[in-house]
Each structure stands twice: as C-alpha cells, then as structure tokens.
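Topology and contacts: notes
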Amino acid sequence: MNSKRNVYLDMKSIEEAKKLLFDHFEHIVTKIETLDVVNTKSRVLAKPAIAAVSSPNFHAAAMDGIAVAAKVTFGASEEVPITLSPGKNAFWVNTGHVMPEGTNAVIMIEHLNIIDEKSVEIEAPVFPWQHVRKMGEDIVATQLLFPRGHQINSYSLGALLSGGIFTVDVYKQPKVLMIPTGSELKQWHEIRIDQLKPGDVVESNSSVLGGLCEDYGARFDRHSMLKDNLESIKRAVETAAKQDYDLICIIGGSSAGSEDFAKPVISSLGEVYVHGITMMPGKPMMFGKVFDTPIFGIPGYPVSAIVAFEQFAGPLLLKMQKLPEREMTKVSVFPARKIASKLGQEEFLRVKIGSVDGQLMSSQLPRGSGSITTLTEADGIIRIPRNIEGISENEKVQAQLLRPLSSIENTIVITGSHDNTLDLLTDQIKSVSGDISISSSHVGSMGGLMAIKKRACHMAGAHLLDPEDGSYNISYIKKYLSDQKVWLINLVMRDQGLIVSKGNPKNIQSIEDLKDKNLQFINRQPGSGTRILFDYKLKILGLSPDDIQGYENDEYTHMSVAVSVLSGRVDAGLGIQAAARALDLDFIPVVTEEYDLVIPDRFYKTRKIQVLLETIQTREFQDRVMSLGGYSTKNTGKIIYA
C-alpha cells in the first residue's frame, strides 16, 4: 500500500474548533443509570431528588437536660425558683432523643439545681421549642432537595440519605477507548530497561490520557498497542465504534507524515471535521465521527497529547455527563525574561512560578512537546494569544495555576548554576519540612546573579571563578550586586573535569587533547560558571575557542552534557564528576571548585531559607551528597561572605 502525507489544508483556531466540536456533538449525552446514593459522589442527577421523609422525622432534644412543657417554667427566677419533678412534669433527655409527649422545650443540665432524685430546681423560664430540633426543621417530606443537573458532592450525600433517598438516577460515566499506535512503541510490562534499543519508546500516553479520562469523570479501556498499519488501526476503530464506547482516541499518527494513519482511518469509516489547530503544542490534533461516535486523533508527543485532550476531549466528556466546564485558577505573574512566540499560533507555555517580594515571578520551561517533565515541573501555564509575537520582560500576564497558590508561596526559588545536589536538597527539605519546596531553574551562574538583581528569585547557585586571585563568586557579587546586601553560603565543593565515554576509548587525558585529537566537544551556555572556567583554562593553555571543535554548541546542565557524551553525539564535555558517575561514564579531573548559594539579606532570616540552611547541615543530607561522588561537604553551610 502506498503511503501519502496528510497536509494541513484548513487549520482552525481553538475557538473555531471548539464551536465545531460542540455543534456536531451537541446531542450526545450518556445514558441514565440508577445507583445507590453512597456510590454517586461527583455524578450528576438525571432526575430531581425529592425527599421521602422529613429530617428529623420527630421532635428531638438538641441538648442534654430535662424536657418540659415550657409553660410550667413561666415565673421562675433567682428570687422565686420553681421545683420540677422528674418523671412527672420533667423528663431526662440526651441530645437527639425523642421529646416526650406533651413537652416542647429542653432545659440544659448546667442550668439545673439538682436537689435529689425526685426534684430539681430552676431559676429561669424557657420558651416553647427552646433547645429542640422540630420535626422537619432540616428537610420536609416531598421537598425538592436537588434538581436534575445537580452534581453530587459529599454534603449532598448527607442530605439525600437524611431525606430517605437511598437510590438516585444519574448520567452514566462516558466510556472511552484508548488506541495507542506506533511501530516504535514498547509496553512497559513487556520490556527490560537494559534491552531498550535506540528508537524504542516506552508507551505512556494511554496511561496519561486514561488518568485524565478519570479526572473528567469517565471510564476508559486500553486497546492493545498497534503498529503503524492502516488496516489494523481501521479494524480496531470500526469494532470499537460498533460497541458501547462513547468516545474513541487514536493516540499517535495524527500528524502529516506518510506513516500517520489517523486521518485516513477516520475518513474511510466516517468523517473528519477538523485536522490541525492553531495551537502549540497540539497542532496536529483532529476529530471527527465514526458511526455517530466522536473520535479524536491525538498527537503522539506527550505534551501535545495532554494539551489536545484537555482542550477538546475533556470538555466533551464533561458535556456528555451534564457536568459544568472546569474553571482554572488564574493569577497575575511577571515573566523574569522576555518570551518570544510565533504569530498565528496560540501557545501553552509551561512556567515555574515563585513568590518573590510579594510578586509572582514566572520562568519558562523548555518548550518541547515531547518533554512531559515540562508539565510535571510546571506551576502554571501562560497562554500566549496567536495575534502577538511574545511577552515583554516583567509584563503582567495571566497564568493558569497547576498547583495551589499556598504551595507556590512556600516555594524557594533558586535560579542559577545547575548542580545535582539541588535535586537531593529538593527531596531532603521535604522530609524536614513538608510544606516547603524548591523550584530551581538552570540559567548559569551569571544568570542567577542577574535574577537576584532583578528580584526574580530567593537565591542563586554560583561557581564563578575569578582568574585574578582564584576565588569564587565574591568579585562578581561586588561588581554586579553592589546595591544589595547578600550572604554567600557554601553548599559543596565539587570536582569539575572532562566527561568522556566509558573506558575512555579516545584516551583523552587533558583539555589539550580536544585540539590535538580533533575531538567533538559540548560546551556549557555563556554566563555559566563552567563556561567561564573552560575559557580560563583555554587562556592558560594558550588555546582559543576556534581550536575547539563544537565550542559554540552548548547545554544548560551537567546531566545534559553527560547525556551528549553517552549518546555518542560528542567525545567530551566539561562537567561535574557526579554527572559522569550517574551515567556510568569516565571522568578526567580538571579542578576542585566552590559551589555556593547567594542569598539576598532580606530573605536570609525568613523561615523557609533558614529551614534550607539547617537542612544542608544535617548529616543525612551530607551523606547523600557524598554518595554521588566528586563532592566534599567540609565547608557546607559555612558563611563565605556577607
């Protein structure tokens, strides 16, 4: 069979696509089922709930004491107390007891003077129905408790049961079928990590989207994984559309490639309404109909898949159950740096958010639609409209929160140089104080100092070498942060060197070998401490950047450098020993350097910073650091400069 490409001929905006979606499927609502009330939390009533009994269905004592006819207490006072006789004109009751015949008030036990078993004295009257829950006070039989369309919450369960309603009619949960496709995909339970080959991809989208189905009140089944084959995918869709599924998702194969079969499958069995939406990520998404069943072609990249599902499939699932649309919590944030964006596409930009000096500051995460960690690490999403080219630095914009605002307020924002111990610290601080978390962004040591200058973070990680005297960070602080009082606290001493392949097949021994052996190098980004160190070493050795093949290519973290070596893309990169050891690579030491935390004075004595400083001095944290290799904690927590 000849393969051909699917060209995006008529892309729609998000608004246009949503209108088409709901216009075509306006009539689709799930069937009705009868369930025990106790199993209906979050479901929607398909019929009104009418109380079968009153609540309470008797007059009930609301206090511990004695029940009386109020009229027998009239005239009682401190000067003229009245004596009552339990069992005759007064009756002992506890809270919730049925009121005895002929009584209509309760005198609290603490307001009684108990004389003996046969007499009690009162010094004040009570009025009718005082401290009594009257029959039907809460619910009256035949009362409408909830109309159809009401979403049942935990409080609703109590009202329904109290009103004698033990079963209700609700809309069924939609049933969704996930069909993962892709010849490169491997199922997690059928593979061994050490047997994964280049090109193999662990299939995760069906689990992620299945979880989202449940978040939207639906159930899901997962089809067995299908290779990129038109006929097998077509058979699976045709069979599913003839069964009781309310929605079908073909995962993967929605783009314009020659092996993307979602569109021809849907077109051959039904109709495609939309293919291509002006949003990023998620542009290749499509939807249509097969035998009256809504069907979506979901992009294969994880973030694209999630955005596409949440923008279209999720809202349709809510509508099927008569559930209201979700409202996202939005806050105003200030981007720490200028953000560029493409005209013509609405972008869902994942960002980290921190509260600094009373303002919410955001820093963008990588934009790759295949990087699901950009969502797991994100605190929020900024939607950049398709009619603008970006957002200026410190321009106030709206962000949709993915985490509670209270959690963001308790987050320590660390910007600057990357170090593996920051991941340990992120985990360790949770064990010390569960309400405090860390958000770290890797922009290089100089980027960290500039973030402090712009009041965009709580602290920066830095290892800036002064080639004049061999000190670290102090001269840079004096130069760039002269207007602020800051504390310089050592986090670790660490070994920097050349990261090379396992076994060092090129027999690399020094930086000079990069030139002499014409090796491919991977650099760190301008402004990073490692880049400054490398430039310093080149100068000492009488070398120039032009002598190093790959000098202009850079990565933002030590682990990214190590991965570049592991993949065979480069022969060497300058990084920390812990990164080499983590990926079982070889390491040639170059220097032991100081990695410090730069903390503005106005944050230094705050609780969350003090918790961090206490955490780094614990034996447990320092033992974990040492286990990484290439570190020393002899100065950890030491004040280097203030």
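Our subject in this report is the structure included herewith.

Moving on, we get to the overall build of the protein. For the protein, the helix and strand inventory stands at 18 helices and 38 strands. The C-alpha atoms of the protein give a radius of gyration of 34 Å, which is well past the 26 Å a tight globule of 642 residues would have. For the protein, the C-alpha atoms occupy an extent of roughly 110 × 70 × 45 Å along the three principal directions. For the protein, with 642 residues in total, the buried portion stands at 50%. In the protein, the share of contacts with a sequence separation of at least 24, taken over all contacts with a separation of at least 6, comes to 77%. Summed over its atoms, the accessible surface of the protein is roughly 29,900 Å², and 50% of this surface lies on carbon and sulfur atoms. Across the protein, the mean location of the 69 positive side-chain charges is 4 Å away from that of the 76 negative side-chain charges.

Okay, the pairing of strand S12 (residues 167–171) next. On a regular strand, one side chain projects to one face of the sheet and the next to the other, so that they alternate. Within S12, four of the five residues are buried, which leaves it mostly tucked inside the rest of the structure. Direction of pairing for strand S1 (residues 32–36) relative to S12: antiparallel, over a ladder of five bridges. Within the sheet, the bridge partner assigned to Asp36 lies in S12 and is Thr167.

Before going further, it helps to spend a moment on the nonpolar core. In summary, soluble globular proteins display a tendency toward joint burial of nonpolar side chains. In terms of nonpolar packing, the biggest core is built from 58 residues, with Ile412, Ile499, Val598, Ile599 and Leu612 touching the most fellow members. Considering each element in turn, this core owes the most residues, seven residues, to strand S32 (residues 486–500). By size, the runner-up hydrophobic cluster in this structure holds 43 residues, among which are Leu21, Tyr216, Ile298 and Val307.

A few words on the sheet that holds strand S5 (residues 82–84). Reading across the sheet, the three strands line up as S5-S9-S8 and stay open at both edges, with antiparallel pairing between neighbours. Both edges of this open sheet fall to S5 and strand S8 (113–116), since each of them pairs with a single strand only. Taken pair by pair, the neighbouring strands of this sheet meet at an average axis angle of 30 degrees, ignoring direction. As paired elements, S8 and strand S9 (residues 119–122) share three bridges and run antiparallel to each other. Along S9, the bridge assignment pairs Asn113 with Glu121.

Among the five residues that make up strand S20 (residues 286–290), four are buried, leaving the element largely enclosed by the rest of the structure. As judged from the four bridges shared by strand S18 (residues 271–275) and S20, these two strands associate in the antiparallel manner. Bridge pairing in S20 links Val272 to Gly288. Sheet topology places S20 next to strand S21 (residues 293–298); five bridges connect them, and they run antiparallel. Paired with Lys289 across the strands is Pro294, a residue of S21. Once S20 ends, the chain turns through two residues before running back antiparallel as S21, passing Phe291 with a positive phi of about 55 degrees.

This model, assessed by the stated rule, comprises 24 salt bridges. Notably, a salt bridge pairs Asp23 with Lys19, separated by 2.8 Å at the nearest N-O pair. Pair noted here: Asp23 and Lys19 are both in helix H1 (residues 14–24), with a separation of four residues, about one helical turn. Classification of Asp23 by relative accessible area gives partly exposed; the value is 47%. Taking the shortest distance from any N to any O, the salt bridge between Asp571 and Lys506 comes out at 2.9 Å. Placement of the pair is Asp571 in the loop between helix H14 (558–566) and strand S35 (572–576) and Lys506 in the loop between S32 and helix H12 (512–516), with a sequence separation of 65 residues. In this structure Asp571 comes out as buried when scored by relative accessible area, which is 19%. Look at the salt bridges and you will find they share partners, linking Lys175, Asp221 and Asp244 into a network.

Another point: unusual backbone geometry. Between Ser55 and Pro56 the backbone carries a cis peptide bond, its omega angle lying at -10 degrees. Note on placement: Pro56 falls in the loop between strand S2 (49–50) and strand S3 (60–61). A cis amide bond, omega 0 degrees, links Met280 with the succeeding residue Pro281. Among the secondary structure elements, Pro281 is positioned in the loop between strand S19 (279–280) and S20. Unusually for a residue other than glycine, His131 sits at a positive phi of about 55 degrees.

Here we come to the sheet that holds strand S7 (residues 105–108). Taken together, three strands build an open sheet; the order of strands is S6-S4-S7 and the sheet is antiparallel. Edge strands, defined here as strands with exactly one partner in the open sheet, are strand S6 (91–93) and S7. Each strand of the sheet is rotated relative to its neighbour by a mean of 40 degrees, with strand direction disregarded. Pairing between strand S4 (residues 65–68) and S7: four bridges, direction antiparallel. Counted as the bridge partner of Val68 is Ala105 from S7.

On the surface, Trp188, Ile193, Leu196 and Val202 cluster together into a nonpolar patch covering about 440 Å² of accessible area. With respect to the helices and strands, Trp188 occurs in the loop between strand S14 (185–186) and strand S15 (201–202).

Take the packing of aromatic side chains next. In total, this model carries seven aromatic pairs according to the counting rule given. Aromatic side chains Phe287 and Phe296 sit 5.9 Å apart centroid to centroid with 50 degrees between the ring planes, which places their arrangement in the tilted category. Across the pair, exposure class does not vary: Phe287 and Phe296 are buried alike. Through a chain of ring-to-ring contacts, the aromatic side chains of Phe287, Phe296 and Phe312 assemble into a single cluster. The aromatic ring of Tyr216 is capped on one face by Arg326, whose charged end is 3.9 Å from the ring centroid.

A few words now on the packing of helix H9 (residues 421–432) against helix H18 (residues 619–628). For the pair H9 and H18, interaxial distance at closest approach is 10 Å and the crossing angle is 150 degrees. In terms of their interaxial angle, H9 and H18 are classed as roughly antiparallel. By crossing handedness, the relation of H9 to H18 is classed as right-handed. In this structure, H9 uses Thr421, Leu424, Leu425, Asp427 and Gln428 to contact H18, whose residues at the interface are Glu620, Phe621, Arg624, Val625 and Leu628. Considered class by class, the residues forming the contact of H9 with H18 number five nonpolar, two polar and three charged.

Thresholds, definitions, all that
- Residues numbered from 1 in each chain as written.
- Predicted model: local features only at pLDDT ≥ 70, side-chain atom pairs only at ≥ 80, totals over all residues.
- Heavy atoms only, no water.
- Helix = DSSP H or I, 4+ residues; strand = E, 2+ residues; numbered from the N terminus.
- Rg over C-alpha atoms; globule rule 2.2 N^0.38 Å.
- Buried < 20%, exposed > 50% of the residue type's maximum accessible area, 1.4 Å probe, protein only.
- Contact = heavy atoms within 4.5 Å.
- Areas by Shrake-Rupley, 256 points an atom, 1.4 Å probe, with all protein chains shown as cover.
- Lys, Arg positive; Asp, Glu negative; His and termini not counted.
- Charge placed at Lys NZ, Arg CZ, Asp CG, Glu CD.
- Pairing = 2+ DSSP bridges.
- Core = buried A, V, L, I, M, F, W, Y, C linked by side-chain atoms within 4.5 Å.
- Axes fitted to C-alpha atoms, helices over the stretch in contact; angles between N-to-C directions.
- Salt bridge = Lys/Arg side-chain N within 4 Å of Asp/Glu carboxyl O.
- Patch = residues over 30% accessible without salt bridge, like charges linked within 9 Å, V, L, I, M, F, W, Y side chains within 5 Å.
- Phe/Tyr/Trp six-rings, centres within 6.5 Å; stacked < 30°, edge-to-face > 60°.
- Lys NZ or Arg CZ within 6 Å of the ring centre and 35° of its normal.
- Parallel < 35°, antiparallel > 145°, perpendicular 65-115°, else oblique.
- Left-handed = near helix turned anticlockwise from the far one by under 90°.
- Nonpolar A, V, L, I, M, F, W, Y, C, P; charged D, E, K, R; others polar.

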